[in-house]
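So you can see what is in the structure, the chains are spelled out below.
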Amino acid sequence: MLRVLCLLRPWRPLRARGCASDGAAGGSEIQVRALAGPDQGITEILMNRPSARNALGNVFVSELLETLAQLREDRQVRVLLFRSGVKGVFCAGADLKEREQMSEAEVGVFVQRLRGLMNDIASSAVMGLIETTRGLLPGAGGTQRLPRCLGVALAKELIFTGRRLSGTEAHVLGLVNHAVAQNEEGDAAYQRARALAQEILPQAPIAVRLGKVAIDRGTENIPTRDRLEGMAAFREKRTPKFVGK
């Protein structure tokens, strides 16, 4: 079997200053690496907050938003791959322990930034994994995105039961595009994601960019009264008062 050599550059933070939610001196929770050789144009984003299982804390979200903003202006970047530097974990979801320490105003700002981050990732990532937390209302637009992916009835079933899905189950439902058996190196999902990135890489960049914009804008939802009420209730930690509009 012929194997193509993939040249790797060092991981680095795309930030002017380093900080971490865990207080690690000089640490960075988000790092990037641009591939070289035949994979030039593919950039990897490494999520590395091991003590919190890559939970979406304030610093984590800030670093990731800043990184995405910088990469968006780099025309040399054709495809982004999101990776986890924490073994056995992709992302544990929102950092609820950190959220408990926030004021109501801080929660509102954080939720808005988190929703913006989810939109950025949804429109940028080649492959992502979704993990839900049992017994909690999905935040950051989860109640809006899941029905679009699976339909209202199945979305309600999964949200009401808090059921956890395996990769194979998520694939069967159409929640993820691919499910792969693990290999000896433990990076089967990454290898599949990189292979997909390699398929996208030679395509016409303007056509890919415009196609992505057209799809994203075509699936946007105009905020309804219920959606706005749900967001407000989440920020204020109360039961929403839906009116069915």
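The structure presented is a predicted model; accordingly, all values stated were derived computationally and were not measured.

## Some words on the packing of helix α4 (residues 142–150) against helix α5 (residues 152–161)
Axis angle and axis distance: for two packed helices, these are the angle between their axes and the distance between the axes, and together they describe the pair.
Okay, step 1: Put simply, α4 and α5 touch, their axes get as near as 7 Å, and they point 130 degrees apart. With respect to α5, the element α4 is oriented oblique. Of the two elements, α4 crosses α5, and the hand of that crossing is right-handed. Where α4 approaches α5, its residues Thr-143, Leu-146, Pro-147 and Leu-150 are matched on the opposing element by Val-152, Leu-154, Ala-155, Leu-158 and Ile-159.
Okay, step 2: The residue inventory of the contact of α4 with α5, partitioned by class, reads eight nonpolar, one polar and no charged.

## Overview of the pattern of salt bridges
Pairing of side chains with opposite charge becomes possible as their charged atoms draw close.
Okay, step 1: A full pass over the atoms with the stated rule returns six salt bridges.
Okay, step 2: Between Asp-39 and Arg-194 there is a salt bridge, and its shortest N-O distance comes to 3.9 Å. A residue pair is termed long-range when its members are at least 10 positions apart, and Asp-39 in the loop between β2 (30–36) and β3 (42–47) and Arg-194 in helix α7 (residues 188–200) qualify at 155 residues.
Okay, step 3: On the accessibility criterion, Asp-39 (4% relative accessible area) is buried.
Okay, step 4: For Arg-194, a relative accessible area of 15% translates into the label buried.
Okay, step 5: Here Asp-95 makes a salt bridge to Arg-49, at a shortest N to O gap of 3.0 Å. Highlighted residues: Asp-95 in the loop between β4 (79–84) and α2 (96–100) and Arg-49 in the loop between β3 and α1 (58–72), separated in sequence by 46 residues.
Okay, step 6: On the basis of relative accessibility, which here comes to 10%, the residue Asp-95 falls in the buried class.
Okay, step 7: Three or more residues are tied together by salt bridges with common partners; here these are Glu-29, Arg-49 and Asp-95.

So, how was this worked out
- Residues numbered from 1 in each chain as written.
- Predicted model: local features only at pLDDT ≥ 70, side-chain atom pairs only at ≥ 80, totals over all residues.
- Heavy atoms only, no water.
- Axes fitted to C-alpha atoms, helices over the stretch in contact; angles between N-to-C directions.
- Helix = DSSP H or I, 4+ residues; strand = E, 2+ residues; numbered from the N terminus.
- Parallel < 35°, antiparallel > 145°, perpendicular 65-115°, else oblique.
- Left-handed = near helix turned anticlockwise from the far one by under 90°.
- Contact = heavy atoms within 4.5 Å.
- Nonpolar A, V, L, I, M, F, W, Y, C, P; charged D, E, K, R; others polar.
- Salt bridge = Lys/Arg side-chain N within 4 Å of Asp/Glu carboxyl O.
- Buried < 20%, exposed > 50% of the residue type's maximum accessible area, 1.4 Å probe, protein only.

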